[in-house]
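Read off the chains here:
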Amino acid sequence: MTGALNGSFRDPMSDTRLYPTRPFLAASFAVFREGRVLLGARALPPDDSFYSLPGGMVEPGERLEDAALRELFEETGVRAKCLGFTGWSQVIRHDAAGKVERHFVIASFAGLWLSGEGEAGEELPVLRWERPSEAHHLPLTDGLLPILHTGLAMVEGAR
């Protein structure tokens, strides 16, 4: 379930997403199980060692929610049922000279756990099931808490 196995792991030294000419579109997924959400500590920039949702780049012709579910499975081995869209976030980083070094737009979705325990891999070497109300003690990527709370409300409303 690691990025290296599915061909998506990239060497940060040869990252073609540095100094983009356009924003990159990505999707992430908040999978909930018994009131807890699966979070992973990122191995690669941007925001390496911060906790975030499993996710990655949207492929041409791929629906956003399908990309989020695919990335969830590829990065963790977890399968889920999508309930809906929880919001979007942006990652924009500038270098010391002020030039845009990275720019991602991330569409996030949430749903219910179906199978898999969550296997750590190269892109997310540390995984943990965490209650959204207690996640604030972790180093989180910007804008993650509102997405977690929206997802939890969506999941609780589906029951």
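Above this text sits the structure in question.
Residues numbered from 1 in each chain as written. Predicted model: local features only at pLDDT ≥ 70, side-chain atom pairs only at ≥ 80, totals over all residues. Heavy atoms only, no water.

Draft legend 1. Summary view of the layout of surface pockets. Size it by volume and the largest pocket reaches roughly 640 Å³. What lines the largest pocket is a set of 35 residues, and nearest its centre among them are Ala26, Arg42, Gly55, Gly56 and Ile106. Where the lining of the largest pocket is concerned, the elements lending two or more residues are strand S1 (24-33), strand S4 (55-57), helix H2 (64-76), strand S5 (79-94), strand S6 (100-115) and helix H3 (144-158). Residue classes in the lining of the largest pocket are distributed as 13 nonpolar, ten polar and twelve charged. (1 Å grid on protein atoms, 1.4 Å probe; cavity = no way out; pocket = protein on both sides within 12 Å on 5 of 7 lines; lining within 4 Å. Points joined across faces, edges and corners; volume = space filled by probe spheres on them. Helix = DSSP H or I, 4+ residues; strand = E, 2+ residues; numbered from the N terminus. Nonpolar A, V, L, I, M, F, W, Y, C, P; charged D, E, K, R; others polar.)

Draft legend 2. The arrangement of the side chain of Ser108 in detail. Position of Ser108 among the secondary structure elements: in strand S6. In this structure Ser108 comes out as buried when scored by relative accessible area, which is 2%. Of note is the side chain of Ser108, whose polar atom sits 2.7 Å from the side chain of Ser28. Apart from the residues lying within four places of it in its own chain, the contact partners of Ser108 are Ser28, Leu53, Phe85, Thr86, Gly87 and Ile147. (Buried < 20%, exposed > 50% of the residue type's maximum accessible area, 1.4 Å probe, protein only. Polar contact = N/O pair within 3.5 Å; in protein donor to acceptor, adjacent residues only side chain to side chain. Contact = heavy atoms within 4.5 Å.)

Draft legend 3. Representation of H2. Between its first and last C-alpha atoms H2 spans 18 Å; for 13 residues at 1.5 Å apiece the expected length is 18 Å, and the two agree. Along H2, the positions that sit buried rather than exposed are Ala67, Ala68, Glu71, Leu72, Glu74, Glu75 and Thr76. (Expected span 1.5 Å × (residues − 1).)

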